[in-house]
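The lines below spell out each chain.
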Amino acid sequence: MKWFDPYGLRRLRERRMAKLDREATTADIEALIEFAKTRRGVEFYVEPETFVTTMTAVAVAHDGEWMRRRVGSPAVIHRVARKLGLPVYDVQLTGYPARMRAYNERRRKEEDGGPSEAPDADAPEFP
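Residues numbered from 1 in each chain as written. Predicted model: local features only at pLDDT ≥ 70, side-chain atom pairs only at ≥ 80, totals over all residues. Heavy atoms only, no water.

Asker: Sorry if this is basic, but what is going on with the overall build of the protein here?
Answerer: Summing up its helical and strand segments, the protein has 5 helices and 4 strands in all. Listing the helices and strands of the protein from first to last along the sequence gives α-α-β-β-β-α-β-α-α. Within the protein, buried positions represent 31% of all 127 residues. Looking at the protein alone, contacts between residues at least 24 apart form 62% of all its contacts between residues at least 6 apart. (Helix = DSSP H or I, 4+ residues; strand = E, 2+ residues; numbered from the N terminus. Buried < 20%, exposed > 50% of the residue type's maximum accessible area, 1.4 Å probe, protein only. Contact = heavy atoms within 4.5 Å.)

Below, the structure is given as structure tokens:
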């Protein structure tokens, strides 16, 4: 019996696997594909395997929104990117795009309530 493996995860994954992480699944790849299909200007950045995690890819949209998922092997994300007509970069060579850092900063400010524009008139002043 042959296993259904539409993205070659089992065939193309690296033979060694990080000890503390799970393997990449079809759901991981499909999440990256869905992200890429529903956003503009998506680029993939391949991240190396570490002791803690298997190889991952980050999909970054034009506005900096991003998603990270396990891919198991660079060949898997290259195959997906080729089918979608999107570029793939090695994060160790190119680094992360500035728009991704800007997006993270915007999200952080939104979660913190953002900097207040004017001081509260009722707030006590401290020397």
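Asker: What is the right way to look at the nonpolar core in this model?
Answerer: Note that soluble globular proteins tend to have their nonpolar side chains buried in a common cluster. Within the largest apolar cluster, 19 residues are counted, with the highest numbers of intra-cluster contacts made by Leu 32, Phe 44, Val 71 and Ile 77. Breaking this core down by element, the ones donating at least two residues are α2 (26–37), β1 (43–47), β2 (56–60) and α3 (74–84). Here the element with the most residues in this core is α2; it accounts for 6 residues. Setting aside anything within four residues of it in sequence, one finds Ile 77 in contact with Leu 32, Phe 44, Val 46, Ala 57, Val 71 and Val 88. (Core = buried A, V, L, I, M, F, W, Y, C linked by side-chain atoms within 4.5 Å.)

Asker: Sorry if this is basic, but what is going on with the pattern of salt bridges here?
Answerer: For side chains bearing opposite charge, pairing can occur when the charged atoms are close. Following the criterion strictly, the structure yields 5 salt bridges and no others. A salt bridge links Glu 47 to Arg 68; its shortest N-O distance comes to 2.8 Å. Of this pair, Glu 47 sits in strand β1 while Arg 68 sits in strand β3 (residues 66–70), and the two are 21 residues apart along the sequence. When its relative accessible area of 36% is taken as the criterion, Arg 68 is described as partly exposed. (Salt bridge = Lys/Arg side-chain N within 4 Å of Asp/Glu carboxyl O.)

Asker: Hey, could you run me through the environment of Glu 23 in this one?
Answerer: With respect to the element layout, Glu 23 can be found in the loop between α1 (9–12) and α2. Judged by its relative accessible area of 34%, Glu 23 is partly exposed. A sequence separation of 31 residues divides Glu 23 from Thr 54, and the C-alpha atoms of the two residues are 7.0 Å apart.

Asker: For this particular structure, what's the right way to read the side chain of Glu 43?
Answerer: With respect to the element layout, Glu 43 can be found in strand β1. The buried category is assigned to Glu 43, whose relative accessible area is 17%. Within polar-contact distance, the side chain of Glu 43 engages the side chain of Arg 99 at 2.7 Å. Once you skip the residues sitting within four places of it in the chain, Glu 43 turns out to touch Val 58, Ala 59, Val 60, Pro 87, Tyr 89 and Arg 99. (Polar contact = N/O pair within 3.5 Å; in protein donor to acceptor, adjacent residues only side chain to side chain.)

Asker: Is there a simple way to think about the pairing of β1 in this case?
Answerer: On any regular strand, side chains alternate: one points to one face of the sheet, the next to the other face. With 5 of 5 residues buried, β1 is to be regarded as a mostly interior element. The alternating pattern of β1 places Glu 43, Tyr 45 and Glu 47 on one face and Phe 44 and Val 46 on the opposite face, and all of these are buried. Sheet analysis places β1 next to β2, joined by 5 bridges and oriented antiparallel. Across the sheet, the residue bridging to Tyr 45 is Val 58, located in β2. In the sheet, β1 pairs with strand β4 (residues 88–90) via 3 bridges, with the strands oriented parallel. Paired with Phe 44 across the two strands is Val 88, which belongs to β4. (Pairing = 2+ DSSP bridges.)

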